[in-house]
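# Remarks on the overall topology
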Amino acid sequence: MLKKIYSVGEITEYIKKAINEANINDVWVEGEISNFRMAIGHYFFYLKDENAVLRCVMFSPSLPYQLKNGMKVVIKGDVRVYERKGIYQMYVKDIKIGGVGELFLKFVEIREKLKKEGLFDERHKKQLPKIPSMIGIITSPNGAAIKDIMHVIERRFPVPLLLAPVRVQGEEAIKEIVNAIKILNEDGRADVIIVGRGGGSWEDLMPFNSEEVARAIFESSIPIVSAIGHETDFTISDFVADARAPTPSAAAELVVPDKKDVERHIVGIASRMIKAMETKKDMASNFLNGIVNRKALKYPYELISDKIDECMKVEERMIKAIEVWKERLKSKMEIMEERLNSSNPYRILEKGYSIAMLENGELFKSVDDVEIGDNIQVIVKDGEVKCKVKEKRK
Amino acid sequence: MQGEGEKEIKFEEALEKLEKITEELENGNLGLDEMIKKFEEGVQLFKLCKKKLQEAELKIEKLMEELK
């Protein structure tokens with residue numbers, strides 16, 4: 001049937017090409033480990049089930065657990081031909097322990113679903129408080145996680161902790177974690193929550209891959225830091241949490257600052273405050289000095305002394321005016337008196353003249369006014385004399 | 001298992017307030033009277049923060065025994 005005789009190399013190359021074209025890459029295979037051995041840090045084993053055997057090799061694996069014969073695992077890898085040994089084998093990239101095949105598929109399914117719904121979106125991430133007044137902790141009361149967290153918080157910045165003890169693996173864990181998140185939110189005292197547990201098998205971490213826990217974390221109004229397993233473990237809770245810490249200790253460091261830093265910060269603020277106040281004080285006292293040194297306050301009398309002078313001058317002028325007026329009045333009165341006096345008929349009596357009057361009191365002015373024998377009256381300076389006319393001549 | 005009941009200002013709030021007051025003081029736009037008032041408030045907050053820092057201690061309270 002074959003017309004051509006192939007060399008081993010040629011036929012192997014042909015098989016290799018055929019397998020490559022089959023594109024058996026990144027496939028998940030479930031089975032049981034047998035013939036496990038380690039050589040220079042690499043794993044070699046068979047994966048088998050009741051029907052078949054698949055050779056496997058895993059280079060430089062870093063697994064948090066030890067592979068053993070008889071272990072049920074799910075592996076992910078590419079199938080290739082190894083020419084020199086004339087075999088095909090799977091180059092393993094990832095191993096999940098236990099009957100997790102379905103679990104893993106479910107994990108991927110939930111992750112994609114929640115991602116599509118936007119539960120992992122950055123915009124939903126809440127900011128952690130700079131300094132929490134109380135930290136809620138959802139974890140096992142007996143695990144290593146709680147001890148690690150307490151240790152770090154006590155060292156960095158002791159803050160009251162509100163423990164919500166839950167189981168972190170097994171069937172009941174999901175319900176308890178969801179409930180704990182709800183109750184801490186209702187309590188309201190904690191302003192940040194750490195949800196977590198220490199390392200474990202992938203199966204152990206399953207509660208943190210559940211849709212229920214993911215949604216509870218999403219719905220929490222208190223920011224949540226996830227701290228699940230080891231650095232390399234990523235759970236759905238990590239994706240939905242407001243912050244992810246690689247370990248519980250790291251979560252504790254994330255939620256509280258170092259007390260010494262805070263102290264320095266506060267002292268820094270205080271000195272800034274004092275400096276601002278001193279600047280203002282200087283400004284104010286300069287301003288005040290400026291006012292105090294003004295003429296008005298320093299020599300207040302000077303301000304009104306001019307006015308006083310002015311008043312005094314006015315007063316003087318008034319007095320002078322009154323004097324002048326009085327003087328003028330006086331001389332005017334004197335003149336008037338003089339004039340009055342000079343027109344007073346009795347004044348001539350002073351000079352030795354006398355006034356004669358008829359008996360009827362009229363002035364005696366003419367010879368014709370009297371007859372011989374008439375009585376007349378003569379007024380002199382110091383009295384009056386009654387006389388009788390003896391003769392008259394014209 | 002309930003808290004002490006006294007509703008006092010949280011450390012973070014006190015610190016934020018202190019920072020805000022300091023900024024206001026530094027801006028220097030306030031009158032002297034107001035500045036003195038703010039400064040006094042700031043000093044009180046500073047004391048409070050210091051006190052809270054000094055008094056900070058790890059207290060552990062267990063919530064919801066009823067869970068189990």
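Here the structure is a predicted model, which is why all the values come from computation and not from measurement. (Residues numbered from 1 in each chain as written. Chains lettered and ligands numbered in written order. Predicted model: local features only at pLDDT ≥ 70, side-chain atom pairs only at ≥ 80, totals over all residues. Heavy atoms only, no water.)

### Examining the interface of chain A and chain B
Inclusion rule: The contact rule is simple, with two residues in contact once any of their heavy atoms fall within 4.5 Å. Here the quantity called buried area is the accessible surface, traced with a 1.4 Å probe, that two parts lose on coming together, added over both. Salt-bridge detection follows one rule: a side-chain nitrogen of Lys or Arg within 4 Å of a carboxyl oxygen of Asp or Glu. Any pair of nitrogen or oxygen atoms within 3.5 Å is treated as a polar contact; in protein, a donor-acceptor pairing is required on top of that, and neighbouring residues in sequence qualify only through side-chain atoms on both sides. For helices the rule is a DSSP run of H or I covering at least 4 residues; for strands it is a run of E covering at least 2, with both sets numbered from the N terminus onward.
Between chain A and chain B, the contact holds 43 residues from the first and 40 residues from the second. Summed over both partners, the interface of chain A with chain B buries about 3700 Å², with 71% contributed by carbon and sulfur atoms. For chain A, the biggest contributors to the area lost against chain B are I266(A), M273(A) and M277(A); these three give 18% of the whole. Linking chain A to chain B there are three salt bridges. The interface formed by chain A and chain B holds eight residue pairs in polar contact (both at pLDDT 80 or more) in total. Every element with two or more residues in the side of chain A that touches chain B is listed here: α3 (144-156), β7 (161-165), α4 (173-187) and α8 (259-292) of chain A. No other element matches the 15 residues that α8(A) contributes to the side of chain A that touches chain B.

### Regarding the sheet that holds strand β8 (residues 192-197) of chain A
Quick note on the threshold: Here a strand pair is declared whenever DSSP counts at least two bridges between the two strands. Between the N-to-C directions of two axes lies an angle of 0 to 180 degrees, each axis being a line fitted to C-alpha atoms and, for a helix, fitted only over the stretch in contact.
The strand order across the open sheet built from six strands is β10(A)-β9(A)-β8(A)-β6(A)-β7(A)-β1(B), with neighbouring strands paired in parallel fashion. Among the strands making up the open sheet, the edge pair consists of β10 (243-245) of chain A together with β1 (60-62) of chain B. Each neighbouring strand pair of the sheet contributes to a mean axis angle of 25°, computed without reference to strand direction. Sheet analysis places β8(A) next to strand β9 (residues 224-228) of chain A, joined by five bridges and oriented parallel. Bridge pairing in β9(A) links V195(A) to S226(A). Running over the sheet, α3(A) touches β6 (135-139), β7 and β8 of chain A together with β1 of chain B and is turned about 160° from β6(A).

### Some details on the confidence of the model for chain B
All names here are of chain B. As a reminder, the rule being used: Each residue carries a pLDDT value, the predictor's own confidence for that position, ranging from 0 to 100.
For chain B, mean pLDDT is 77; residues scoring 70 or higher make up 82% of the total. Taken element by element, chain B is modelled with least confidence in β1, mean pLDDT 80, and with most confidence in helix α1 (residues 11-27), mean pLDDT 87. Taken as a whole, residues 1-6 scores under 50 in pLDDT and shows seven contacts with residues more than four places along the chain or in a different chain. Interface confidence in the predicted complex, given as ipTM, is 0.76; pTM for the same model is 0.55.

### As for the packing of aromatic side chains
Residue and element names in this part refer to chain A. Applied cut-off: Working definition: rings of Phe, Tyr and Trp (its six-membered ring) pair if their centres are within 6.5 Å, and the pair is stacked with planes under 30 degrees apart, edge-to-face with planes over 60 apart, and tilted otherwise. Exposed residues in this analysis have more than 50% of their type's maximum accessible area, buried residues have under 20%, and partly exposed residues fall in between, with area computed by a 1.4 Å probe over protein chains only.
Following the criterion strictly, the structure yields six aromatic pairs over all chains and no others. With a centroid separation of 6.1 Å and an interplanar angle of 40°, the aromatic rings of F59 and Y91 are classed as tilted. Of this pair, F59 sits in the loop between β3 (53-58) and β4 (72-82) while Y91 is found in strand β5 (residues 87-97), placing the two residues 32 residues apart along the sequence. Taking relative accessible area as the criterion, F59 reaches 47% and is therefore assigned partly exposed. Here the aromatic rings of F234 and F239 are separated by 5.8 Å at their centres, their planes lie at 20°, and the arrangement is stacked. With a relative accessible area of 27%, F239 lands in the partly exposed category. Among the aromatic side chains, those forming a connected cluster through ring pairs are F36, Y43 and F45.

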